[in-house]
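What follows is the residue order along each chain.
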Amino acid sequence: MKYTLALVALSSLLVVSCGNKKNNEAEDSKKASTEYKIADKQVIDISKYPVDKDGYITLFDGKTLTGWRGYGMDKAPISWDVQDGAIHLHGSGTGEAQMEGGGDLIFAHKFKNFELDFEYKVSKGGNSGVFYLAQEVTTQEDGKDTYLPIWQSASEYQILDNQNHEDAKLGVDGNRQSASLYDMIPAKPQNAKPFGQWNQGKIMVFKGTVVHGQNGANVVEYHLWTPKWNEMLENSKFKKGGEFPVAYELLKNIGGKNHEGYIGFQDHGDDVWYRNVRIKVLE
């Protein structure tokens with residue numbers, strides 16, 4: 001009887017122990033999934049860049065990719081070059097997949113309050129995006145630092161051929177169409193020009209207020225780090241406890257870690273062009 005009771009007690013202890021181990025492993029996994037570091041890469045000195053009469057700094061000289069590099073890289077990905085005075089992405093021809101050696105392109109300086117002007121055009125069925133306030137974020141995977149995708153830390157100004165890309169029909173109320181805050185706020189009026197034609201884009205960020213402009217009209221306005229912003233996050237794929245826990249922390253700006261960040265162009269696998277890229281720093 002005593003022996004039987006001892007076995008029962010031992011079995012109970014093992015069950016509790018295994019249960020605790022599983023719980024601890026789950027907690028460790030959850031903790032690991034939200035631990036991240038913001039890479040401390042050297043930024044360039046923009047004081048040496050030309051400034052026009054309106055106070056805008058030229059970020060792209062129309063000839064070289066000087067000042068630009070890949071996200072998480074030290075030089076520009078091979079998928080990007082300069083073509084006819086524009087920054088050009090060579091599409092992979094396989095939809096969302098990037099070509100080998102490809103990746104998102106960022107300007108190597110962080111901006112806080114600014115007005116960004118640019119022009120863009122897309123290929124037929126093309127998809128891209130302009131990221132802003134982006135961070136270079138790493139997490140640990142198998143003991144190594146791995147970069148998270150840039151979209152987990154940044155707002156995205158959508159770039160799309162609305163007529164020929166299926167993403168234009170997805171989302172809610174057109175919030176995946178051109179100039180929208182991707183998957184969150186639709187651009188209205190929707191005034192993008194067809195593929196192959198140049199569009200004018202604008203992004204203004206000032207103390208958390210953000211405006212998207214397209215072809216002379218303001219089409220999106222929202223306010224970062226407010227209760228309304230938090231509500232939008234909770235109703236998006238970045239919600240708390242969701243698939244992208246680090247993105248939730250970064251986009252909600254917990255700890256004030258991303259009040260400034262990089263500007264980047266997305267490699268979404270389709271040909272896209274950017275030109276006349278300039279920025280005015282706002283105090």
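Here, the structure is the one placed above.
Below is a summary of the structure that appears in this document.

How each quantity is defined
Per chain, residues are indexed from 1 in the order of the written sequence. pLDDT decides what is reported in this predicted model: residues at 70 or higher carry local features, side-chain atom pairs at 80 or more are listed and counted, and totals for whole chains, interfaces and linings draw on all residues regardless. Hydrogen atoms and water are omitted, and side-chain values are computed over all heavy atoms in the structure. Salt bridges are defined as contacts in which a side-chain nitrogen from Lys or Arg sits within 4 Å of a carboxyl oxygen from Asp or Glu. Segments assigned H or I by DSSP are reported as helices when at least four residues long, segments assigned E as strands when at least two residues long, and all are numbered from the N terminus. Geometry of aromatic contacts follows a simple scheme: Phe, Tyr and Trp rings, the Trp one being its six-membered ring, pair when their centres are within 6.5 Å, and the pair is stacked under 30 degrees between planes, edge-to-face over 60, tilted otherwise. Counting as a charge over the ring demands two things of the Lys NZ or Arg CZ atom: a distance within 6 Å of the ring centre and an angle within 35 degrees of the ring normal. When a residue's accessible area, from a 1.4 Å probe over protein chains only, is under 20% of the maximum for its type it is buried; when over 50% it is exposed; and in between it is partly exposed. Arc definition: it is the arc formed by the directions from the helix axis to the C-beta atoms. We call two residues in contact when some of their heavy atoms are within 4.5 Å. Paired strands are those between which DSSP finds at least two bridges. N or O atoms within 3.5 Å of each other form a polar contact, as long as, within protein, one can give a hydrogen and the other can take it, and as long as residues adjacent in sequence are counted only when both atoms are side-chain atoms.

1. Re the pattern of salt bridges
- Summed over all chains, the structure comprises 11 salt bridges.
- Measuring nitrogen to oxygen at the nearest pair gives 3.2 Å for the salt bridge that ties lysine 41 to aspartate 74. Of this pair, lysine 41 sits in the loop between β1 (37–38) and β2 (57–58) while aspartate 74 sits in the loop between β3 (68–70) and β4 (80–83), placing them 33 residues apart in sequence.
- Linking aspartate 54 and lysine 53 is a salt bridge whose minimum nitrogen-to-oxygen distance equals 3.6 Å.

2. Section: the packing of aromatic side chains
- Under the counting rule described, the total for this entry stands at 14 aromatic pairs.
- Residues tyrosine 71 and tyrosine 147 carry aromatic rings whose centres are separated by 5.8 Å and whose planes lie at 70 degrees to one another, so their mutual orientation is edge-to-face. Taken as a pair, tyrosine 71 in the loop between β3 and β4 and tyrosine 147 in strand β10 (residues 144–147) lie far apart in primary sequence, 76 residues in all.
- Through pairs of rings, three or more aromatic residues link up here, namely Tyr49, Trp68, Phe107, Phe111, Phe114, Phe118, Tyr120, Tyr157, Phe265 and Tyr274.
- Sitting over the face of the ring of tryptophan 151, lysine 237 holds its NZ or CZ atom 4.8 Å from the ring centroid.
- Seen from the ring of tyrosine 56, arginine 278 lies directly overhead, with NZ or CZ sitting 3.7 Å from the centre.

3. A word on helix α2 (residues 227–234)
- Within the sequence span of α2, burial applies to Trp229, Met232 and Leu233. Take α2 and look down its axis: the buried residues cluster within an arc of 100 degrees, on one side only. Exposed residues lying more than 90 degrees from the buried face of α2 are Pro227 and Lys228.
- Looking at the packing, one finds that the buried side of α2 touches β11 (155–160), β14 (217–223) and α3 (245–252).

4. Examining the sheet that holds strand β9 (residues 137–141)
- Judged by pairing direction, the sheet is antiparallel, and its three strands sit side by side in the order β1-β9-β10 without closing on themselves. Unpaired on one side and paired on the other, β1 and β10 mark the two borders of the sheet.
- In this sheet, β9 lies alongside β1 in antiparallel orientation, the contact comprising two bridges. When the sheet's bridge partners are listed, lysine 37 is paired in β9 with threonine 138.

5. Comments concerning the environment of asparagine 113
- Among the secondary structure elements, asparagine 113 is positioned in the loop between β6 (105–107) and β7 (114–122).
- On a C-alpha basis, the gap between asparagine 113 and glutamate 283 in space is 6.7 Å, while along the polypeptide they are 170 residues apart.
- Setting aside its immediate chain neighbours within four residues, asparagine 113 contacts Val205, Phe206, Lys207, Lys280, Val281, Leu282 and Glu283.
- For asparagine 113, the side chain forms a polar contact with the main-chain nitrogen of lysine 207, separated by 2.8 Å.

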